[in-house]
Amino acid sequence: MHLALIIVGTFLLKLPISMNIPLDWLEALFTATSAVTVTGHVVVDTGSHFSIFGQVVIAMLIQLGGLGLMVFAVFILSALGLPVGIPHRILLKEDLKQTSISEILHFAAIIIRVVVVCEVVGTGFLALVFVPEQGWATGLWHAVFHAIAAFNNAGFALYPDNLVRFATNPVLNISVPALFIVGGIGFAVINDVIKVREWRRFSLHSKLTLSGTTVLVVWSVLMFAALEWRNPGTLGEYVSPWDKLMISWFQGVTTRTAGFNTIDISEIYESTALMFISLMLVGAGSASTAGGIKVTTFIILLLAIVAFFKRRSSLVAFGRSLGLDQVLKVVALTMLSILFIFVAIFICLLTFQGSFVDLAFEIASAFGTVGLSRGITSDLDPLNQTVLVLMMFVGRVGPLTLGFFLATRSQPAVRYPSASVYLG
């Protein structure tokens, strides 16, 4: 379904009505893939190269890519009063990582309501920022576009410098992060927050996601502030400690998911870039609008390490245990993700002549569907841009698909005697 959206989006973006400045086919494909996979990588400036129609197409691709085509289809069928059959419910259940078919339509309805409310409220707040600068018509459209992009964790912006010009604007520094944090924790967690409301009754998934997200946000914000405080190209150019903390907050929370930036990413230190790479690979919540290996996967990896050193046969978290099948799935997904990234970096290095850190940053950002860039995306040759297209697609679709197949259980026809190997 994502592939079909990318193909349709590519043709729509190549229409003369979509462009202010002509694009070649690779640029159209790259932009459509970046939008559908809610990444935010760009090879051309969105605001100047695309007409209003083209920008609407990009916003729709972001919405469909983040929300999920099946959720949108069920919403349309329900709005038209048409029945949603069992095959569609099964597909929707798999798409949203749910276990109950009977509750799936109610769950989808909650998702739609949350999306509409968050994006409408976000548009209202962002209009306070954009309307005074752009006027009513342009300002409202910019507010709608950025609200959609923010909730769906896509770093598309209609300004050449992304959101750098609004680095110290308090309204934008609250509303945009609020949108992509809610969109990034996952619809299952949102469902728990809305329906259950009590922490002790939350599912283990929700507890792990919320606690892990909180720790990662605090860590990334404090580390960014500590590393960049005196960097003249980023925080060092600001005198006010409050401005520095505001920018650190925004850049710290956007790194795992959204891809918006309020400072020049090409100016950050390489130590900060390495930290960003690790955060982009972790990503946000499962069944959300964000990418990465996911917060819960990262936590289970850490729990597996703890269990190994404590000689435990199972993982324990919040009074619940996780079995070996969960660990095997997490290890498989993580190793496959690392393998994809290493292969992509190797292929790109065959023709890339720039900084290795910049290239690794670009690949990790594409795979994590983040969209942050050190400013080299548009300068990459067609081979490297094609690799980025594939990485964005794999990052959005691959781990989820692999997770579904790896979750299936099969009984071996033959049992072999056990043996040991030396490890470590």
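Everything below is about the structure printed above this text.
Residues numbered from 1 in each chain as written. Predicted model: local features only at pLDDT ≥ 70, side-chain atom pairs only at ≥ 80, totals over all residues. Heavy atoms only, no water.

**Student:** Provide a residue-level description of the overall build of the protein, including the pertinent values.
**Tutor:** Of regular secondary structure, the protein possesses 17 helices and two strands. Looking at the protein as a whole, 52% of its 424 residues are labelled buried. The contacts of the protein with a sequence gap of at least 6 include a subset with a gap of at least 24, amounting to 68%. For the protein, the accessible area works out to roughly 19,900 Å², and carbon and sulfur atoms hold 69% of it. (Helix = DSSP H or I, 4+ residues; strand = E, 2+ residues; numbered from the N terminus. Buried < 20%, exposed > 50% of the residue type's maximum accessible area, 1.4 Å probe, protein only. Contact = heavy atoms within 4.5 Å. Areas by Shrake-Rupley, 256 points an atom, 1.4 Å probe, with all protein chains shown as cover.)

**Student:** Can you explain the packing of helix α1 (residues 2-13) against helix α2 (residues 25-36)? Please cite residues and give values.
**Tutor:** The axes of two packed helices give the description: the angle between them and the distance between them. Orientation of α1 relative to α2, taken along the N-to-C sense of each, is 135 degrees, at an axis distance of 8 Å. By the angle class used here, α1 and α2 are oblique. The interaxial crossing formed by α1 with α2 has right-handed handedness. Listed contacts from α2 to H2, L5, I6, G9, T10, F11 and L13 of α1 are W25, A28, L29, T31, A32, T33 and V36. Its residues placed into classes, the contact of α1 with α2 shows nine nonpolar, five polar and no charged. (Axes fitted to C-alpha atoms, helices over the stretch in contact; angles between N-to-C directions. Parallel < 35°, antiparallel > 145°, perpendicular 65-115°, else oblique. Left-handed = near helix turned anticlockwise from the far one by under 90°. Nonpolar A, V, L, I, M, F, W, Y, C, P; charged D, E, K, R; others polar.)

**Student:** I'd like a rundown of the environment of I341, residues and numbers included.
**Tutor:** For I341, the position within the fold is in helix α15 (residues 324-349). Each C-alpha atom, one on I341 and one on G395, is 9.8 Å from the other, the two residues being 54 residues apart in sequence. Among all residues touching I341, those that are not within four sequence positions of it are L281, I363, F367 and M391.

**Student:** Kindly report on a nonpolar patch on the surface, identifying the contributing residues and their values.
**Tutor:** A contiguous nonpolar surface patch, about 400 Å² in accessible area, is contributed by V8, L12, L15, I17 and F53. Topologically, L15 is positioned in the loop between α1 and α2. With a relative accessible area of 35%, L15 lands in the partly exposed category. (Patch = residues over 30% accessible without salt bridge, like charges linked within 9 Å, V, L, I, M, F, W, Y side chains within 5 Å. Salt bridge = Lys/Arg side-chain N within 4 Å of Asp/Glu carboxyl O.)

**Student:** Mind laying out the side chain of D192, listing which residues take part and the relevant values?
**Tutor:** The topology assignment puts D192 in helix α10 (residues 187-195). The buried charged residue D192 lacks any salt bridge, with K195 as its nearest oppositely charged partner at 7.7 Å. When sequence neighbours within four positions are dropped, the list of residues in contact with D192 reads R197, F202, S203 and S206. (Lys, Arg positive; Asp, Glu negative; His and termini not counted.)

**Student:** Any chance you could break down helix α8 (residues 136-151) for me, citing the residues and the numbers?
**Tutor:** Relative to the 22 Å expected for 16 residues at 1.5 Å per residue, α8 spans 22 Å between its end C-alpha atoms, a close match to the ideal helical length. Taken residue by residue, α8 has G139, W141, H142, A143, F145, H146, A147, I148, A149, A150 and F151 as its buried positions. Trailing α8 by a residue or two, N153 shows a phi angle of about 60 degrees, which is positive. (Expected span 1.5 Å × (residues − 1).)

**Student:** I'd love a proper account of the pattern of salt bridges, names of residues and values included.
**Tutor:** Considering all chains together, one arrives at five salt bridges under this definition. With its nearest N and O atoms 3.1 Å apart, the salt bridge here joins E198 to R200. Here E198 falls in the partly exposed class, since its relative accessible area comes to 33%. In this structure, D358 engages R374 in a salt bridge whose closest nitrogen and oxygen atoms are separated by 2.7 Å. Of the two residues, D358 sits in helix α16 (residues 356-367) while R374 sits in the loop between α16 and α17 (382-406), which places them 16 residues apart along the sequence. Overall, the relative accessible area of 14% leaves D358 in the buried class.

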